[in-house]
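Chains, contacts and geometry: an overview
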Amino acid sequence: MRAWNRPDLPTLPGSAGVPRLHDTATGGLVEARPTDAARLYVCGITPYDATHLGHAFTYLAFDTLQRVWRDAGVAVHYAQNVTDVDDPLLERAAATGVDWRVLAAEQVELFRTDMEALAMLPPYHYVAVTEVIHEISRAVCRLWDDGLAYRVDASDALPNADGTPASDLYFDNAAAERTSPWRLGDESNLGRTEMLTLFAERGGDPDRVGKRDPLDPLLWRAAREGEPAWDTPVGSGRPGWHIECSVIALMELGADFTVQGGGSDLIFPHHDMSAGHAAALSGHPLAGVYSHAGMVAYQGTKMSKSLGNLVLVSGLRAEGADPRAIRLALLAEHYRSDWEWTSEHLVAAERRLARWQAAFGTEATPGIRDSDAVLAQMRAALAEDLDTPSALGAVDAAAAAGVTDPALVRSAIEALLGVRL
Ligand code: 5CA
Ligand code: ZN
């Protein structure tokens, strides 16, 4: 699928080191040093209400990672999915009387416009689930053949073509643990009680009768009346959520890629389960580093489409907000922190943008602070787990003093922070 246009990425003199990144699985900072090119997979949107500031915050974290890698001379292969067939999208389409395909297409287009306005680097591989249904069904078939999937009666599903009752397919976590390097909880490090709670809250069905284990995730949902379905070797139906990301990631990046990313709400079950499916299919871990952005809240709770407490990027833009200020407002928070958005964040970012324009814009006059030292400070901050608040602080201090070469700092701000003054 088409992504969006790529922003300019100036090349800076010298080069930075590869970044150290927090790894959810081990809880420590690890050097995200790829052997050849860096391979990055970031979970994309479910397109029914795009793009709120929480989405933008998560994508900005991985945009920053790519900018830091590129500054270190590392090529980046970036893949992102679009979950364009899933329960919440279908429910929203049914509730509003809009065809689910039309709703998804409209929201993906809005997301593209927002991402481009925010100068986000586009994925090279931008893949909608509906584009790869047959690849996903083949992967489910392989899991079945390998004894890692099982049937659960689905009495509310449409019967098979030969008239026999249909069933849903589930992943057998315990069998996968016996036959692959993966263990449930490797990534999330959660205990079973916590897993059961989160599984129920985040699209899982621990109480479904007929499952071998309450935490086994759905691989394939048999066709229901009025739901989209595809005819495949595993029957008529549609894929479960986690297998989609495993298959798209393996297809586009191969096994054991450099970083798997997303918001922290995806750690469990989505990323644990995606890693399980991928390990079962490839015999290798999904990724070397599991990286997660914190949650943006609004009006006291996590900003989320299902709750409706949203501040949309397009809404702020329609009110006249400068996308560069939106970007700076988000960069002012460390990517791993949970924080709450208020309009004050935007006001502060607008003031910062104006100060930076005066100090480093094309009209700026040189000052006393050594520009190379400012670049070095920005690089050092970003290389240490993408510390954007410190990088912004270094630029603020330089703006107050004035720099010997404003054009160099202007390029550094554009290349590393994605803000063109
Ligand atoms: N389509 C799935 C992933 S395969 C999905 O979670 N879609 S989403 O539209 O709900 O979220 C898209 C991305 O934004 C995910 O990486 C998610 O973790 C992140 N995200 C969602 N809400 C927030 C929030 N309030 N703060 C930070 N990140 C968020
Ligand atoms: Zn995903």
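Residues numbered from 1 in each chain as written. Chains lettered and ligands numbered in written order. Predicted model: local features only at pLDDT ≥ 70, side-chain atom pairs only at ≥ 80, totals over all residues. Heavy atoms only, no water.

**Overview of the overall build of the protein**
Across its full length, the protein holds 14 helices and 15 strands. Against the globule reference of 22 Å for 421 residues, the protein gives a C-alpha radius of gyration of 23 Å, in line with a compact fold. Across its three principal directions, the C-alpha atoms of the protein cover 80 × 45 × 35 Å. In the protein, which comprises 421 residues, the share counted as buried stands at 57%. (Helix = DSSP H or I, 4+ residues; strand = E, 2+ residues; numbered from the N terminus. Rg over C-alpha atoms; globule rule 2.2 N^0.38 Å. Buried < 20%, exposed > 50% of the residue type's maximum accessible area, 1.4 Å probe, protein only.)

**Description of the pairing of strand β5 (residues 125-128)**
Where burial is concerned, the two faces of β5 agree: the one with His125 and Val127 and the one with Tyr126 and Ala128 are both buried. Strand direction decides the pairing type here: strand β4 (residues 76-82) and β5, joined by four bridges, are parallel. What sits directly across from Gln80, in β5, is Tyr126. (Pairing = 2+ DSSP bridges.)

**Things to note about the coordination of the zinc ion (ligand 2)**
Note on the zinc ion (ligand 2): its protein donors are Cys43 (SG), Cys245 (SG) and His270 (NE2). The metal-donor distances range over 2.1 to 2.3 Å. Because the angles between the four donor atoms bound to the zinc ion (ligand 2) fall within 102 to 118°, the donor set is best described as tetrahedral. Ordering the donors of the zinc ion (ligand 2) by residue number gives the pattern C-x201-C-x24-H. Of this pair, Cys245 sits in helix α7 (residues 241-253) while His270 is found in helix α8 (residues 267-282), placing the two residues 25 residues apart along the sequence. In this pair, the class of Cys245 matches that of His270, namely buried. (Donors = N, O, S within 2.8 Å, 3.2 Å for Na, K, Ca; no water. Tetrahedral: all angles 85-135°; square planar, octahedral: opposite > 155°, others 65-115°.)

**Notes on the sheet that holds strand β8 (residues 218-222)**
Read across the sheet, five strands follow the order β6-β7-β8-β10-β9 without closing on themselves; strand pairing throughout is antiparallel. Two strands in the sheet have a free side with no partner beyond their single neighbour: β6 (149-153) and β9 (230-232). Between one strand axis and the next, the sheet turns by 40° as a mean value, whatever way the strands run. (Axes fitted to C-alpha atoms, helices over the stretch in contact; angles between N-to-C directions.)

**Regarding the site of ligand 1**
Of all residues adjacent to ligand 1, which total 24 residues, the nearest are Gly44, Thr58, Thr83, Asp265 and Lys305. Interatomic distance of 2.9 Å between a backbone N/O atom of Gly263 and an oxygen atom of ligand 1. At a separation of 2.5 Å, an oxygen atom of ligand 1 approaches a polar side-chain atom of Asp265. Contributions of two or more residues to the shell around ligand 1 are made by α1 (53-71), α7 and β11 (257-263). Looking at the shell around ligand 1, the element that brings in the most residues is α1, giving four residues. Residues that form the shell around ligand 1 fall into these classes: nine nonpolar, 12 polar and three charged. (Near = heavy atom within 4 Å. Polar contact = N/O pair within 3.5 Å; in protein donor to acceptor, adjacent residues only side chain to side chain. Nonpolar A, V, L, I, M, F, W, Y, C, P; charged D, E, K, R; others polar.)

**Regarding the nonpolar core**
Core analysis: the largest hydrophobic core is formed by 79 residues, its most contacted members being Leu53, Trp69, Val259, Trp341, Trp356, Phe360 and Ile413. There are two domains that each give this core at least three residues, and those are domain 1 (20-297) and domain 2 (321-417). Beyond its immediate chain neighbours, meaning those up to four positions away, Leu53 contacts Val296, Met303, Val311, Val313, Leu316, Ile326, Leu330 and Trp341. Counting 48 residues, the second largest nonpolar core, distinct from the first, contains Leu103, Trp230, Ala275 and Leu281. (Core = buried A, V, L, I, M, F, W, Y, C linked by side-chain atoms within 4.5 Å. Domains from an automatic or database assignment. Contact = heavy atoms within 4.5 Å.)

**Describing the packing of aromatic side chains**
Counted under the stated rule, the structure contains nine aromatic pairs. Ring centres 5.4 Å apart and planes at 70° place the aromatic pair Phe57 and Trp339 in the edge-to-face group. Highlighted residues: Phe57 in helix α1 and Trp339 in strand β15 (residues 339-340), separated in sequence by 282 residues. A single burial state applies to Phe57 and to Trp339, both of which are buried. What links up through ring pairs into an aromatic cluster is the set Trp4, Tyr59, Phe111 and Tyr126. (Phe/Tyr/Trp six-rings, centres within 6.5 Å; stacked < 30°, edge-to-face > 60°.)

**What about α1?**
With 19 residues, α1 extends 26 Å from end C-alpha to end C-alpha; this agrees with the ideal 27 Å at 1.5 Å per step. Most of α1 is tucked away, with 18 of its 19 residues classed as buried. Where α1 terminates, the next one or two residues include Gly73, which has phi positive at roughly 80°. (Expected span 1.5 Å × (residues − 1).)

**Focus: the pattern of salt bridges**
Tallied over the full model, the rule gives 26 salt bridges. Arg2 is the salt-bridge partner of Glu109, the closest N and O atoms lying 3.0 Å from each other. Of this pair, Glu109 sits in helix α3 (residues 100-117) while Arg2 is found in the segment before β1 (20-22), placing the two residues 107 residues apart along the sequence. In this structure, Arg208 and Asp168 form a salt bridge, with 2.9 Å as the shortest nitrogen-oxygen distance. Taken together, the positions of Arg208 in the loop between α6 (192-201) and β8 and Asp168 in strand β7 (residues 167-171) put the pair 40 residues apart, joining distant regions of the chain. Overall, Arg208 belongs to the partly exposed group, its relative accessible area being 22%. Judged by its relative accessible area of 0%, Asp168 is buried. Each of Asp87, Arg221, Glu227 and Arg238 takes part in one network of salt bridges that share partners. (Salt bridge = Lys/Arg side-chain N within 4 Å of Asp/Glu carboxyl O.)

**Overview of the sheet that holds strand β13 (residues 296-298)**
Here we have three strands laid out as an open sheet, ordered β14-β13-β15, and mixed in their pairing. The open sheet has two free edges, formed respectively by β14 (301-302) and β15, since each of these has just one partner strand. Of the pairings in the sheet, the one linking β13 to β14 comprises two bridges and is antiparallel in character. Of the residues in β14, the one forming a bridge with Ala297 is Lys302.

**So, the side chain of His125**
In this structure, His125 sits in strand β5. Side-chain polar atoms of His125 contact the side chain of Glu252, separated by 3.1 Å.

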